[in-house]
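Here is what each chain is made of, one letter per residue.
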Amino acid sequence: MVQLQVTNSPFDENQVQLLNRLLPTLTESQQIWLGGYLSAMSLRGAGAAPEAVEQPALVQAAQSAVSVAAPPLSREVTVLFGSQTGNCQRLAASLSRKLEEQGFQVNVSAMNAFKPNTLKKVENLLILVSTHGEGEPPDNARAFHEFLYSKRAPQLESLRYSVLGLGDTSYEFFCQTGKDFDQRLEELGGRRLSPRTDCDLDYDEPVADWFGKVLEALNGPQNAPQLADAAVQAAEKADEPQSPFSRNQPFQAEVLENLNLNGRGSDRETRHLELSLAGSGLTFEPGDSLGVYPENHPQLVADIIAAMGWNADETVPLNKKGDTGTLHEALLRHYEITVLTKPLLEQAVKLSAAPGLQALLAPEAQQELKAYIQGRDLLDLIHDFGPWNASAVSFVTVLRKLPARLYSISSSYNANPEEVHFTVRAVRYETHGRERYGVCSVHCAERVQPGDTLPVYIQSNPNFKLPANPDVPLIMVGPGTGVAPFRSFLEERGEQGAGGKTWLFYGDRHFVTDFLYQTDWQRMLNEGVLSKLDVAFSRDTEEKVYVQHRILEHSKELYAWLQEGAHVYVCGDEKHMAHDVHAALVTVIQEEGGLSPEAAAAYLENLQQEQRYQRDVY
Ligand SMILES: Cc1cc2nc3c(=O)[nH]c(=O)nc-3n(C[C@H](O)[C@H](O)[C@H](O)COP(=O)(O)OP(=O)(O)OC[C@H]3O[C@@H](n4cnc5c(N)ncnc54)[C@H](O)[C@@H]3O)c2cc1C
Ligand SMILES: NC(=O)c1ccc[n+]([C@@H]2O[C@H](COP(=O)([O-])OP(=O)(O)OC[C@H]3O[C@@H](n4cnc5c(N)ncnc54)[C@H](OP(=O)(O)O)[C@@H]3O)[C@@H](O)[C@H]2O)c1
Ligand SMILES: Cc1cc2nc3c(=O)[nH]c(=O)nc-3n(C[C@H](O)[C@H](O)[C@H](O)COP(=O)(O)O)c2cc1C
């Protein structure tokens, strides 16, 4: 029997408790009698109980509610996801399977594949959406997000919904897109099945909690937490059906090669790493990413321990599961020490006697907090807000888990079986009077040699994939490390003996020192796997030349490729390059297609809807 809830019935908390106590105890004939009794009452008008019948306390309590007929619980659930790097997509697929096993009829869809005019008919809606850019929706959620905020959005009084947001608390607009959907659906008249949950990078537990609550609201409490846990675990495994290794259980991959791709004299260092996947069962497709768990810089770890006067060998928790290890091990491999977030400062303030930290967290100090957090790390916090009244144990338990970094895979599995290649640019800069080192990129550049191992997993990305038809032309735009996935795409096309034309736009600072994978492109041009290569070296000329300038120079030909059905891929910098390339593509379509700016933008939006324009930007 379905358990009644406040959220799935017209009853209040007291009535729900009374009914849930009584209903399971009724025999079949008692149920039939009660049903008849309540119908008779509602026919006579609310409150007019048949006199001859003695009323139990429960029925008296229920009496006030019988005039509102409880709507039959719908067993149909629509699950919509918006995802850039695949997390929400994987979770949506796994949670949907669990709902189906529970007897629900589930319609799961990417937001860009969902017809918004059918939203009015949806009764139960689950939204799983991440946030990208600076608080922006993922590419495949943009149009639906826009639709809901437009005048065309329908009233949704019969909708019950719940939103799961994925994000990262180190961003100013944490889970903004989830918050937008949640608020907008309420404004349109929807009622929440269960409250929104906003998840940080370590999302498994909060996702399971959220899904447990959703299941309870839809289905009653039986086994909801266990079912939810199982669904999240299954999502984790979805990328590696043939392998025991995943994000929660990375594979220790042996490093086969670690080369600097930049020439002598370059002001950049870009490493090409090759890892062995032998024995892991891990495979991947072009467009997928490699998750790499890094180690923090040992000097920073030592400086933090010294600044706090702690003992590096002290035993501390390594995670929430109860594993323990030395403080040195914890700060080196398990906890994030290079990023400050508001939630971290809110916890740290309890351990500090400095009034300045409290002031920074005051509601009116938001701008000061933002400015302080930017570019500072745990060592800055320790120096700036001592004296600290904190044991090593109390301190590490407020830190975030050290997250893996994603890298676009730069090899094809078919061309290099049991290997994975990736391309890492070392991040080094100075702020607030100190040298800073990107955790993972500098670990790969400075402390990883052939023969060492790196803990890795595969993060499949269904939103950055080659067309199924090898004859379809490809246009690839990838300046800097953005070129990495196109090495994988072209190696794969080479393996397939594909007939489709391919065109690569590449750019970096200097031709002589920064032409990543130059000999590979040359060979591919000779072999015909790459049909065209256009390059833009930004610092070889007085005026900067970028990939979008090359795109505009080849406007006519590029438009012809689009009209022939080419797929367009953009990879690399999200903040500037991706926006500028997008604008250049709109200009090409506008000028060559003789369209208005709006029609040209719509043309490109349509390509995105059809998955002919895909971006992997960071
Ligand atoms: C899907 C995806 C694919 C990716 N593919 C690649 C790839 O192929 N190759 C690649 O190299 N990277 C790639 N990245 C980026 C990669 O995941 C890491 O973010 C990158 O290597 C930096 O990580 P890190 O640990 O070295 O630096 P972190 O310790 O994470 O530090 C990076 C942070 O430092 C700060 N920072 C950086 N430079 C400066 C500066 N000059 N001044 C002030 N602050 C600064 C910024 O806040 C930045 O976010 C990808 C990211 C995603 C999401
Ligand atoms: N989110 C993260 O954690 C993270 C981590 C690492 C890197 N990134 C970003 O990823 C991007 C890739 O980094 P990268 O080091 O491989 O290369 P990059 O910095 O993007 O540089 C590659 C080339 O692109 C040029 N460029 C600069 N602005 C451009 C624009 N608006 N349009 C087109 N081209 C432009 C550069 O020229 P000039 O330099 O001469 O201007 C350079 O020639 C970086 O921008 C970085 O911000 C993000
Ligand atoms: C380039 C980039 C920008 C991001 N911007 C935000 C942001 O503004 N706010 C936020 O909460 N999370 C942000 N995130 C974190 C993602 O939302 C988070 O990694 C999420 O798990 C991704 O889920 P997806 O794979 O379904 O897209 C950003 C991540 C990347 C790579």
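Throughout what follows, the structure given in this document is the object of discussion.

Conventions we followed
- Residues numbered from 1 in each chain as written.
- Chains lettered and ligands numbered in written order.
- Predicted model: local features only at pLDDT ≥ 70, side-chain atom pairs only at ≥ 80, totals over all residues.
- Heavy atoms only, no water.
- Near = heavy atom within 4 Å.
- Polar contact = N/O pair within 3.5 Å; in protein donor to acceptor, adjacent residues only side chain to side chain.
- Areas by Shrake-Rupley, 256 points an atom, 1.4 Å probe, with all protein chains shown as cover.
- Helix = DSSP H or I, 4+ residues; strand = E, 2+ residues; numbered from the N terminus.
- Nonpolar A, V, L, I, M, F, W, Y, C, P; charged D, E, K, R; others polar.
- Buried < 20%, exposed > 50% of the residue type's maximum accessible area, 1.4 Å probe, protein only.
- Pairing = 2+ DSSP bridges.
- Axes fitted to C-alpha atoms, helices over the stretch in contact; angles between N-to-C directions.
- Arc of directions from axis to C-beta.
- Parallel < 35°, antiparallel > 145°, perpendicular 65-115°, else oblique.
- Contact = heavy atoms within 4.5 Å.
- Core = buried A, V, L, I, M, F, W, Y, C linked by side-chain atoms within 4.5 Å.

### Regarding the site of ligand 1
What surrounds ligand 1 is a group of 19 residues, the closest being Leu406, Tyr407, Thr423, Cys440 and Ser441. At 2.7 Å from an oxygen atom of ligand 1 is found a side-chain nitrogen or oxygen belonging to Arg405. Within the contact set of ligand 1, an oxygen atom lies 3.0 Å away from a backbone nitrogen or oxygen of Arg425. When isolated, ligand 1 has an accessible area of 990 Å², and the protein chains bury 66% of it. When residues of the shell around ligand 1 are traced back to their parent elements, those giving at least two are β12 (405–408), β13 (419–425), β14 (428–431) and α16 (439–446). With four residues, β12 is the largest single contributor of residues to the shell around ligand 1. Residue classes in the shell around ligand 1 are distributed as eight nonpolar, eight polar and three charged.

### Focus on the pairing of β13
Burial analysis of β13 places six of its seven residues in the buried class, which makes it a mostly covered element. Note: strand β8 (residues 270–276) against β13, seven bridges, orientation antiparallel. By the bridge assignment, Ser276 is partnered in β13 with Glu419.

### Topic: the sheet that holds strand β17 (residues 474–477)
Read across the sheet, five strands follow the order β19-β18-β17-β20-β21 without closing on themselves; strand pairing throughout is parallel. Pairing within the sheet leaves two strands with one partner each, and these edge strands are β19 (532–537) and β21 (613–617). With direction set aside, neighbouring strand axes in the sheet form an average angle of 10°. Inspection of the sheet shows strand β20 (residues 567–572) paired to β21 by five bridges, in the parallel sense. Along β21, the bridge assignment pairs Gly572 with Val617.

### Notes on helix α19 (residues 518–527)
When α19 is considered as a whole, its buried residues turn out to be Asp520, Trp521 and Met524. Burial along α19 is one-sided: seen end-on, the buried residues are contained in an arc of 95°. What points out from α19, more than 90 degrees from its buried face, is the exposed set Thr519 and Asn526. Immediately downstream of α19, the backbone of Gly528 shows phi near 85°, a positive value.

### Quick word on the site of ligand 3
Every one of the 21 residues lining ligand 3 counts as a neighbour, but Ser83, Thr85, Asn87, Thr131 and Cys175 are closest to it. The side chain of Thr85 places a nitrogen or oxygen atom 2.5 Å from an oxygen atom of ligand 3. At 2.8 Å, a backbone N or O of Cys175 approaches an oxygen atom of ligand 3. Notes on ligand 3: free accessible area 640 Å², of which the protein chains cover 90%. Split into classes, the residues belonging to the shell around ligand 3 amount to eight nonpolar, 11 polar and two charged.

### A few points about unusual backbone geometry
Note that the residue after Gly386, namely Pro387, is joined by a cis bond; omega there is -5°. Structurally, the position occupied by Pro387 is in the loop between α14 (378–384) and α15 (392–396). Here Glu418, not a glycine, exhibits a phi torsion of approximately 60°, which is positive. Note that Glu418 resides in the loop between β12 and β13. Since its relative accessible area comes to 40%, Glu418 is described here as partly exposed.

### Overview of the sheet that holds β12
Ordered in space as β12-β9-β16-β7-β8-β13, the six strands form an open sheet in which the pairing is antiparallel. Each of the sheet's edge strands pairs with one partner strand only, and the pair in question is β12 and β13. Going across the sheet, the axis of each strand differs from the next one's by a mean of 40°, ignoring polarity. Here strand β7 (residues 251–260) runs beside β8; their pairing, made up of six bridges, is antiparallel. Bridge pairing in β8 places Asn260 opposite Arg271.

### Some details on the packing of helix α21 (residues 555–563) against helix α22 (residues 577–593)
To describe two helices that pack against each other, one gives the angle between their axes and the distance between the axes. Packing of α21 against α22 brings their axes to within 9 Å, and their N-to-C directions diverge by 90°. Accordingly, the angle class assigned to the pair α21 and α22 is roughly perpendicular. Side by side, α21 and α22 meet where Ser555, Lys556, Leu558, Tyr559 and Leu562 of the first sit next to Leu585, Val588, Ile589, Glu592 and Gly593 of the second. The class makeup of the residues in the contact of α21 with α22 is six nonpolar, two polar and two charged.

### Remarks on the nonpolar core
Within the largest apolar cluster, 39 residues are counted, with the highest numbers of intra-cluster contacts made by Leu345, Leu381, Trp388 and Phe395. Contributing elements (two or more residues each) for this core: α9 (298–308), α10 (327–334), α11 (342–348), α12 (355–360), α13 (366–373), α14 and α15. Excluding residues that lie within four positions of it along the chain, Leu345 makes contacts with Leu340, Leu357, Leu360, Leu361, Leu369, Ile373 and Leu381. By size, the runner-up hydrophobic cluster in this structure holds 32 residues, among which are Cys88, Val106, Trp210 and Ala228.

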